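Residue strings, one per chain:
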Amino acid sequence: AMLSRYLKREDDAKKYLMMSAIADIQNATRETASLQALALIQYEENNLADAFKFTQSAIDDVVSSGIHFRAMEIYKFYSIINTAYQTEEARSKSNLITFLISTSVSLFLLIVLVFIYIQMKKTLRMKRALAQSNEELLRLNDKLNSMNSELNDKNDELCEINNIKEHYIAQFFDVCFSYIHKMEKYQNMLYKIAIN
């Protein structure tokens, strides 16, 4: 693995380090050099989650085995990996919070848009109903105007008939008055004849 790293064949170096770490675990060897080297490679490749896991596993092995010279090597870059990992976690949480806030705002805006759309539909339906009512009202108003016009015509006819009737009644009274007056004259004449 070290030779592969020296020859800049990182994939081979990782493969051999993984094989070594697996052999250490299978044989219950608490030798953590492979995990430390893997953690360092992962850190250099900016894969902080794996680097943190490998470092944590190496520390657990050192604590369990009591091999203190390995602890000194691990603690050198553990604080760097841990700080980078914590920073990455904080950034991820910040990104997650930002994403959640933006998603919540987007969802809220979507709900508001749906509500506005529904209100606009209702308003449009109400406008259509109002327009229909106005058309119906105009139609009824025209009908009422025509009926009023007919009624005025009938009233005018009635007034004319009334005037004619009054004229004939006046003529009838004049004829009656004239007849009564003639009858009085005739009565007076008869009275005079009777006295003579």
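Residues numbered from 1 in each chain as written. Predicted model: local features only at pLDDT ≥ 70, side-chain atom pairs only at ≥ 80, totals over all residues. Heavy atoms only, no water.

Quick word on the pattern of salt bridges
If the charged atoms of two oppositely charged side chains come close together, the side chains can form a pair.
Move 1: On inspection of all chains with the given rule, the structure shows 2 salt bridges.
Move 2: Among the salt bridges present, the one from Glu 45 reaches Lys 14, with a minimum N-O distance of 3.0 Å. Of this pair, Glu 45 sits in the loop between helix H3 (33-44) and helix H4 (48-65) while Lys 14 sits in helix H2 (residues 10-26); the two residues are 31 residues apart in sequence, bridging distant segments of the chain.
Move 3: With a relative accessible area of 40%, Glu 45 lands in the partly exposed category.
Move 4: Judged by its relative accessible area of 15%, Lys 14 falls in the buried class.
Move 5: Here Glu 136 and Arg 139 are joined by a salt bridge, their closest N and O atoms 2.3 Å apart. Of this pair, Glu 136 and Arg 139 both sit in helix H5 (residues 68-195), separated by 3 residues, roughly a single helical turn.
Move 6: Classification of Glu 136 by relative accessible area gives partly exposed; the value is 37%. (Salt bridge = Lys/Arg side-chain N within 4 Å of Asp/Glu carboxyl O. Helix = DSSP H or I, 4+ residues; strand = E, 2+ residues; numbered from the N terminus. Buried < 20%, exposed > 50% of the residue type's maximum accessible area, 1.4 Å probe, protein only.)

Remarks on H2
Move 1: In this model, H2 (17 residues) spans 24 Å end to end at C-alpha, consistent with the 24 Å of a helix rising 1.5 Å per residue.
Move 2: When H2 is considered as a whole, its buried residues turn out to be Ala 13, Lys 14, Leu 17, Ala 21 and Asp 24. All buried residues of H2 project into a common sector of 95 degrees when viewed along the axis, lining one side. Exposed residues on H2 whose side chains face more than 90 degrees from its buried face are Asp 11 and Gln 26.
Move 3: On its buried face, H2 sits against helix H1 (2-6) and H3.
Move 4: One or two residues past the end of H2 sits Ala 28, with phi positive at roughly 55 degrees. (Expected span 1.5 Å × (residues − 1). Arc of directions from axis to C-beta. Contact = heavy atoms within 4.5 Å.)

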